[in-house]
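# Fold and geometry: a report
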Amino acid sequence: MDDMVQIKKCLAGDGEAFEVLVTRYKNLVYGIALNLLHNKDEAADVTQEVFLKVWANLKRYNPEYSFKAWIARITVNHCINLNQKTRRAAAAAWDEEVVCRIAADKGLPEEELLAKEKQDRVRSAIESLPEMYRLVVILFHQQSLSYDEICQVTGYPLSIVKNRLYRARKMLCEKLSAYHGREAGKEEGLWAAGRHGSC
Amino acid sequence: MGCRKAWELLMRRMDGEIDRQNLRYLENHLMICPECREKHDSLSAVLMELDRTKPAAPESTEPKVMEKIRSVRHRETPLFLPYVVPAAALLTGILVFLFYEYAMDGPMAMINKAAQTLTIFYGAYQSVAAFSRFLFGSVYLNGVLIMTGLALLGGIPAFLHGQRVKRGVSKYWRSVK
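Residues numbered from 1 in each chain as written. Chains lettered and ligands numbered in written order. Predicted model: local features only at pLDDT ≥ 70, side-chain atom pairs only at ≥ 80, totals over all residues. Heavy atoms only, no water.

We now examine the overall build of chain B. Across its full length, chain B holds seven helices and zero strands. When the helices and strands of chain B are read in sequence order from the N terminus, they spell out α-α-α-α-α-α-α. Out of the 177 residues in chain B, the part that is buried amounts to 21%. Across chain B, every contact between residues at least 6 apart in sequence was considered, and the portion connecting residues at least 24 apart equals 30%. Carbon and sulfur atoms provide 66% of the accessible area of chain B, an area that totals close to 13,100 Å². (Helix = DSSP H or I, 4+ residues; strand = E, 2+ residues; numbered from the N terminus. Buried < 20%, exposed > 50% of the residue type's maximum accessible area, 1.4 Å probe, protein only. Contact = heavy atoms within 4.5 Å. Areas by Shrake-Rupley, 256 points an atom, 1.4 Å probe, with all protein chains shown as cover.)

Time to look at the overall build of chain A. Broken down by element type, chain A carries nine helices and zero strands. Reading the secondary structure of chain A in the N-to-C direction produces α-α-α-α-α-α-α-α-α. For chain A, buried positions account for 43% of its 199 residues. Across chain A, contacts joining residues at least 24 apart in sequence account for 63% of those joining residues at least 6 apart. Carbon and sulfur atoms provide 55% of the accessible area of chain A, an area that totals close to 10,600 Å².

Next up on the list: a nonpolar patch on the surface. Residues and elements named next belong to chain B. Taken together, the side chains of Tyr122, Tyr125, Val128, Ile146, Met147, Leu150 and Leu153 present a nonpolar region at the surface, about 730 Å² in accessible area. Secondary-structure elements contributing two or more residues to the nonpolar patch are α6 (107-136) and α7 (141-176). Of the residues forming the nonpolar patch, the biggest block, four residues, is contributed by α7. (Patch = residues over 30% accessible without salt bridge, like charges linked within 9 Å, V, L, I, M, F, W, Y side chains within 5 Å. Salt bridge = Lys/Arg side-chain N within 4 Å of Asp/Glu carboxyl O.)

What follows concerns the UniProt feature "domain: Putative zinc-finger" (unreviewed entry) in chain B. Residues annotated by UniProt as "domain: Putative zinc-finger" (unreviewed entry) correspond here to residues 3-37 of chain B. The span residues 3-37 of chain B is 83% helix and 0% strand, and its two end C-alpha atoms sit 10 Å from each other. (UniProt positions renumbered as here; feature names shortened; annotations may be inferred.)

On to the interface of chain A and chain B, then. The parts lose accessible area when they come together, and the size of an interface is often stated as this lost area. Each side of the interface is counted separately: chain A has 51 residues, and chain B has 38 residues. Note on chain A versus chain B: buried area summed over both sides is about 4,200 Å², and carbon and sulfur give 63% of it. If you sort the residues of chain A by the area they bury against chain B, A:Gln48, A:Gln142 and A:Arg169 come out on top, with a joint share of 14%. Going through the elements one at a time, α2 (17-37), α3 (40-56), α4 (67-86), α6 (110-127), α7 (131-142), α8 (147-154) and α9 (158-198) of chain A are the ones with two or more residues in the side of chain A that touches chain B. With 10 residues, α9(A) is the largest single contributor of residues to the side of chain A that touches chain B. Of the residues in the side of chain A that touches chain B, the class split is 24 nonpolar, 17 polar and 10 charged. (Buried area = accessible area lost by both parts, 1.4 Å probe. Nonpolar A, V, L, I, M, F, W, Y, C, P; charged D, E, K, R; others polar.)

Further remarks concern the packing of helix α1 (residues 3-14) of chain B against helix α3 (residues 34-52) of chain B. Residue and element names in this part refer to chain B. Packing of α1 against α3 leaves a shortest axis separation of 11 Å and a crossing angle of 20 degrees. By the angle between their directions, the pair α1 and α3 is classed as roughly parallel. The interaxial crossing formed by α1 with α3 has right-handed handedness. Facing Cys3, Ala6, Trp7, Leu10, Met11, Arg13 and Met14 of α1, the residues of α3 in contact are Cys36, Lys39, His40, Leu43 and Leu47. Per-class residue counts for the contact of α1 with α3 are nine nonpolar, one polar and two charged. (Axes fitted to C-alpha atoms, helices over the stretch in contact; angles between N-to-C directions. Parallel < 35°, antiparallel > 145°, perpendicular 65-115°, else oblique. Left-handed = near helix turned anticlockwise from the far one by under 90°.)

Glancing now at the confidence of the model for chain B. Residue and element names in this part refer to chain B. Residues at a pLDDT of 70 or more form 79% of chain B, whose mean pLDDT is 77. By mean pLDDT, α7 is the weakest element of chain B at 64, and helix α2 (residues 20-32) is the strongest at 91. Taken together, the stretch residues 169-177 has pLDDT below 50 and engages in 20 contacts with residues farther than four places along the chain or on a different chain. (pLDDT = per-residue confidence, 0-100.)

With that out of the way, let us pick up the pattern of salt bridges. For the structure shown, the criterion picks out seven salt bridges over all chains. One salt bridge connects A:Asp3 with A:Arg24, and the closest N-O pair in it is separated by 2.4 Å. A residue pair is termed long-range when its members are at least 10 positions apart, and A:Asp3 in helix α1 (residues 2-11) and A:Arg24 in helix α2 qualify at 21 residues. Residue A:Asp3 is classed as buried on the basis of its relative accessible area of 14%. Two residues, B:Arg70 and A:Glu16, come together in a salt bridge whose shortest N-O distance is 3.0 Å. Remark: A:Glu16 occurs in the loop between α1 and α2 and B:Arg70 occurs in helix α4 (residues 61-75); the pair is interchain, linking two chains. We classify B:Arg70 as partly exposed; its relative accessible area is 35%. One network of salt bridges, in which partners are shared, links A:Asp2, A:Asp3 and A:Arg24.

Here A:Lys26 is to be found in helix α2. Not counting the four nearest positions on each side in its chain, A:Lys26 is found in contact with A:Thr47, A:Phe51, B:Ala57, B:Pro58, B:Glu59, B:Thr61 and B:Glu62.

This brings us to the state of the cysteines. Enumeration over the complete set of coordinates arrives at zero disulfides over all chains. Cysteine B:Cys3 is unpaired, with the sulfur of B:Cys36 as its nearest cysteine sulfur at 3.6 Å. (Disulfide = S-S within 2.5 Å.)

The subject of this paragraph is the nonpolar core. Core analysis: the biggest nonpolar cluster contains 64 residues, and A:Phe18, A:Phe51, A:Val54, A:Phe67 and A:Ile71 have the highest contact counts within it. Top element by residues in this core is α2(A). It accounts for 13 residues. When residues no more than four places from it in sequence are discounted, the contact partners of A:Phe18 are A:Cys10, A:Phe51, A:Val54, A:Trp55, B:Val65, B:Met66 and B:Ile69. Counting 13 residues, the second-largest nonpolar core is a separate cluster that includes B:Ala6, B:Trp7, B:Met11 and B:Ile18. (Core = buried A, V, L, I, M, F, W, Y, C linked by side-chain atoms within 4.5 Å.)

Laid out in structure tokens, this is it:
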């Protein structure tokens with residue numbers, strides 16, 4: 001409802017009311033853009049472009065739907081169009097950041113390094129999800145959109161959205177469990193080798 | 001309670017749709033089942049990571065957006081301009097034509113030319129009216145005919161634009177699928 005008050009002010013010609021909406025939703029737009037484009041500078045540019053688009057199309061906004069979902073939908077469409085134009089390889093895009101992170105990790109205590117390694121593992125599991133699953137996970141768990149809002153963003157029925165989120169969680173579990181399995185196997189191997197060595 | 005049921009409850013918990021009794025069941029199961037506990041821990045780690053890495057937009061977003069909006073608003077064309085310009089051009093053309101006639105042949109020639117032009121327009125209107133009478137048998141329907149023609153003229157570009165937008169959207173969602 002509060003969004004509607006600001007929108008009405010904007011439509012009445014109060015441009016400054018739009019700043020309130022930008023402040024409220026800039027993290028949402030930036031978060032989605034960063035997850036789809038994998039580049040901070042581009043995500044920042046897209047955030048500005050999306051808000052200009054929102055400003056230009058504010059008259060077309062249908063108040064029956066959530067404003068948050070409307071902005072998210074514009075952002076997702078904008079990012080996908082951009083991705084299609086540049087045909088970027090999504091998987092390789094975090095490389096630069098990973099290199100920076102590795103450089104920054106040097107000199108950290110062992111516990112922190114292990115914690116960081118775990119975070120990287122979780123992050124790479126999320127990144128390795130197919131886009132249609134990753135988008136739903138990001139929208140639901142990171143951006144706190146409801147199921148209804150995700151339906152509005154993606155244009156899919158509720159059953160499909162629920163199913164995708166369910167599968168995405170399952171995939172994440174399998175990926176992380178596989179890693180734990182390998183780690184456990186390694187530890188068992190080391191233990192067995194140590195035992196064998198000691199005998 | 002089996003692991004399958006525990007997984008369903010875990011999903012419901014992540015959706016925020018679990019009641020107190022089922023939550024207790026789930027917690028009891030997690031205490032005795034290492035496999036389910038591992039799944040639970042993995043998903044909790046994912047949620048923590050997503051929350052930890054929640055991106056924050058640059059501080060400069062608002063000033064930059066507002067600056068661009070202000071500059072666009074300054075450049076914005078007044079709404080009436082697209083209608084005023086063609087009307088003004090037409091009026092100027094008519095005045096120039098009449099002035100030319102006046103300069104060349106005097107005032108009577110100018111009046112004659114103006115009358116002739118009006119007669120031509122009136123003749124065209126009469127032809128349309130006669131045609132619609134022939135088609136529909138009623139003089140009022142010529143208005144319908146003209147309006148249909150105008151609607152088609154406006155409707156065709158609107159339809160093509162709609163198709164283009166629709167194609168763009170579906171192309172995007174195909175890519176996501």
